[in-house]
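Chain and residue survey
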Amino acid sequence: MSPSKPTNIIYTGIAGTGKTYRLLQIAQQYTDCLPKINDKELLRQLLQPLSWRDVVCLIFLDFKSKKQDLVKVPEIVNHEFFVNKAAQNARDKNLSNTAWSVLQMHTPASSQTVSYKNRASQAYFDKDHSGAWYLLPESIDLLSDLAQQLAEFQQAQRENNSQNKEFRQQRFSMVSFHQAYGYEEFVEGIRPVMASSDHTKNSSSQMSYDVQDGAFLKLCQRAANDPEQRYAMLIDEINRANVSRVFGELLSLIEPDKRAGMANTMTVNLAYSGRTFNVPANVDIYATMNTQDHSLAPLDMALRRRFRFIDCPPQPELLPVIYVNPVNSETGNSETGNSETVDPAETIDLAKILTGLNHRITQTLGAEAQLGHAFLWSVDSLEQLQTALIEQIIPQLAQAAGGQVTVLQYIFQDEQQPLNAQFIQDSQALIDNANNLASPNNSNPMFADQHSLLGQSMSSGSYKINADLINNTAEFAKPFVYQRLY
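Computed from a predicted model, the values in this text were never measured in an experiment. (Residues numbered from 1 in each chain as written. Predicted model: local features only at pLDDT ≥ 70, side-chain atom pairs only at ≥ 80, totals over all residues. Heavy atoms only, no water.)

Quick word on the pattern of salt bridges
Considering all chains together, one arrives at 14 salt bridges under this definition. A salt bridge links Lys64 to Asp69; the shortest N-O distance between them is 3.2 Å. Overall, the relative accessible area of 38% leaves Lys64 in the partly exposed class. For Asp284, the salt bridge goes to Arg230, with nearest N and O atoms at 2.9 Å. Here Asp284, found in strand β12 (residues 283-290), pairs with Arg230, found in the loop between α9 (215-224) and β9 (231-236); they are 54 residues apart in sequence, far enough to count as distant. Owing to a relative accessible area of 2%, Asp284 belongs among the buried residues under this scheme. Residues joined by salt bridges that share partners form a network here, namely Glu255, Asp257, Lys258 and Arg306. (Salt bridge = Lys/Arg side-chain N within 4 Å of Asp/Glu carboxyl O. Buried < 20%, exposed > 50% of the residue type's maximum accessible area, 1.4 Å probe, protein only. Helix = DSSP H or I, 4+ residues; strand = E, 2+ residues; numbered from the N terminus.)

Here it is, written out as structure tokens:
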């Protein structure tokens, strides 16, 4: 079904280019939709391994779960568990005798209502003087496994009845690396386990340590037991962790030709458990790597040789055009989808904005500082565009530019614009302008408003975001300002 050669791929690129989205799409390829199990099959799976004694005990537990403790023989014989067990055994005669035999055989010798010679060593049932049967209280603990099976069966029935969907089986495991992520979480490690010395409320808890499997080891074990299917390990932000430490001795084993059953199969002894291990050939590894974050650890060269690298560039062509106040001349209604009724001056092309910004970002800060299309992916109105600029795009570019106003103003085409029309304003220029307005020779009544706007501005270093952009007022309520970014 699947190619014999494993796949090792890392998707690389700047933030916001859909790398994690690709992992989620790949996950769908490793997800099976299986037909849900019907009630008849659930019953078969529940009853097939059980003896008649177990089935009768299960029936009592079922009645007990429905708040009925006393049960008569006809109720037992007519119960779906009894009927289905008889059908599985091809029995349709003397069923009442079977029920009576099981009940009497497992009564205590001290019973006042049952006289029976061939009693079993363990008693489960007794009968009252009305002829109704019940479970002995002391037998409840002995039936804990059956009670668990019954609870799981009832839950499966409820899920079956509430869902019409097919069952989804995942053949992948997804993890996100971070600076503290290690071999212990990925492969295996010693973990603390709390255990109580007894089952009483006042029991003391004792700490013990066990070797437990990590995410990758668990997936490999599943894959080894299912060689006809492909499995996938999905790793988000692979270079956020020390990958050599995370993979440990598995670094060599993930090479395609060193997988189990391949030409140069390698086997190692795991660090904690000492178990022999090799990576199955039906396990694929996909990861993402942010090339923009220079705070991340550089990717180990040994790991680079074991993966194919696929670049994920920005895709501005995926972004829409925003129609600002489009009005159909005949009806007066908003018609955002019909370009014939929209004045081009009232549109903002997000693809052109991203392309223009990235062109100037590349000129000043380098290609790795570009913006991914995800920054504008969910934008469908002027207000949302303003929010994306204020809360995400400008702060990120300011950090990349070290707060240099001249660089930011070049990126946003602000150099030739009047102060009130600039996306990015120079703090000192604003102070000088305010001082000029406040001088004795200038009694401009607008000074108070200007001072108020200064207080509302968002600042970082020597730059400020224009308060009109923040407040969606003045020039920044009009599309042409944003068209300037093309």
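Quick look at the packing of helix α3 (residues 52-65) against helix α5 (residues 80-88)
Put simply, α3 and α5 touch, their axes get as near as 9 Å, and they point 160° apart. What the angle tells us is that α3 and α5 run roughly antiparallel. Helix-helix and strand crossings are classified by hand; for α3 and α5 the assignment is right-handed. Residues Trp52, Val55, Val56, Leu58, Ile59 and Asp62 of α3 lie in contact with α5, whose contacting residues are Phe81, Phe82, Lys85 and Ala86. Taken together, the residues that form the contact of α3 with α5 break down as eight nonpolar, no polar and two charged. (Axes fitted to C-alpha atoms, helices over the stretch in contact; angles between N-to-C directions. Parallel < 35°, antiparallel > 145°, perpendicular 65-115°, else oblique. Left-handed = near helix turned anticlockwise from the far one by under 90°. Contact = heavy atoms within 4.5 Å. Nonpolar A, V, L, I, M, F, W, Y, C, P; charged D, E, K, R; others polar.)

Some words on the nonpolar core
The biggest cluster of nonpolar side chains holds 38 residues, and the ones touching the most others in it are Leu376, Leu385, Phe412, Phe423 and Tyr482. Elements with a contribution of two residues or more to this core: α13 (350-364), α14 (382-400), α15 (405-411), β18 (463-465) and α19 (479-483). With nine residues, the single largest contributor to this core is α14. For Phe423, the residues in contact, after removing those within four places along its chain, are Leu389, Phe412, Asp414, Lys464, Ile465, Asn466, Leu469, Phe476, Val481, Tyr482, Arg484 and Leu485. By size, the runner-up hydrophobic cluster in this structure holds 36 residues, among which are Tyr181, Phe186, Ile238 and Ala302. (Core = buried A, V, L, I, M, F, W, Y, C linked by side-chain atoms within 4.5 Å.)

With respect to a nonpolar patch on the surface
Taken together, the side chains of Ile190, Met207, Tyr209, Val211 and Tyr272 present a nonpolar region at the surface, about 500 Å² in accessible area. With three residues, strand β8 (residues 205-213) is the single largest residue contributor to the nonpolar patch. Assignment of secondary structure puts Ile190 in strand β7 (residues 188-196). (Patch = residues over 30% accessible without salt bridge, like charges linked within 9 Å, V, L, I, M, F, W, Y side chains within 5 Å. Areas by Shrake-Rupley, 256 points an atom, 1.4 Å probe, with all protein chains shown as cover.)

Focus: the packing of aromatic side chains
Each aromatic ring pair is characterised by the separation of its centres together with the angle its planes make. According to the stated counting rule, one finds 16 aromatic pairs in the structure shown. Taking the centre distance of 5.7 Å and the plane angle of 90° together, the rings of Phe177 and Phe186 count as edge-to-face. The residues Phe177 and Phe186 share a single accessibility class, namely buried. For the ring pair Tyr183 and Tyr272, a centre distance of 6.1 Å and an interplane angle of 40° mean the geometry is tilted. Taken together, the residues Tyr183 in helix α8 (residues 183-186) and Tyr272 in the loop between β10 (268-269) and β11 (276-277) connect sequence positions 89 residues apart. Of the residues examined, Tyr183 reaches a relative accessible area of 6% and is grouped as buried. (Phe/Tyr/Trp six-rings, centres within 6.5 Å; stacked < 30°, edge-to-face > 60°.)

Observations concerning the sheet that holds strand β13 (residues 308-311)
Ordered by their spatial adjacency, five strands build an open sheet running β6-β9-β12-β1-β13, and the pairing between neighbours is parallel. The open sheet has two free edges, formed respectively by β6 (172-176) and β13, since each of these has just one partner strand. Neighbouring strand axes in the sheet, compared pairwise and without regard to direction, differ in orientation by 20° on average. Here strand β1 (residues 8-13) runs beside β12; their pairing, made up of six bridges, is parallel. Note that in β12 the partner of Thr12 across the bridge is Met289. Packing against the sheet, helix α1 (residues 19-29) makes contact with β1, β6, β9, β12 and β13, and its axis sits at approximately 165° to β12. Contacts from α9 reach β6, β9 and β12, with the element oriented near 165° to β9. (Pairing = 2+ DSSP bridges.)

Here's the deal with the side chain of Lys258
Position of Lys258 relative to the elements: it lies in the loop between α11 (250-253) and β10. When near neighbours in sequence (up to four residues on either side) are disregarded, Lys258 contacts Ser252, Leu253, Asn264, Thr265 and Met266.

Describing unusual backbone geometry
Glycine aside, negative phi is the norm for most residues, and most peptide bonds take the trans geometry. Not every positive phi belongs to a glycine, and Asn94 is a case in point at roughly 55°. Assignment of secondary structure puts Asn94 in the loop between α5 and α6 (95-105). Within the chain, Gln413 stands out as a residue other than glycine whose phi angle is a positive 55°.

As for the environment of Met301
Structurally, the position occupied by Met301 is in helix α12 (residues 301-304). Linking Met301 and Ser244, residues 57 residues apart in sequence, is a C-alpha distance of 9.6 Å.

Some points on α13
The terminal C-alpha atoms of α13 lie 21 Å apart, and with 15 residues this matches the ideal 21 Å at 1.5 Å per residue to within 8%. The set of residues buried in α13 consists of Leu350, Ala351, Ile353, Leu354, Gly356, Leu357, Asn358, Arg360 and Ile361. Looking at the buried side of α13, the elements it contacts are β14 (321-323), β15 (347-349), α14, α15 and α19. Regarding α13, its N-cap is Asp349, as a side-chain oxygen of that residue lies 3.0 Å from the backbone nitrogen of Ala351 further along. Phi turns positive, to about 100°, at Gly366, one or two residues after α13. (Expected span 1.5 Å × (residues − 1). Polar contact = N/O pair within 3.5 Å; in protein donor to acceptor, adjacent residues only side chain to side chain.)

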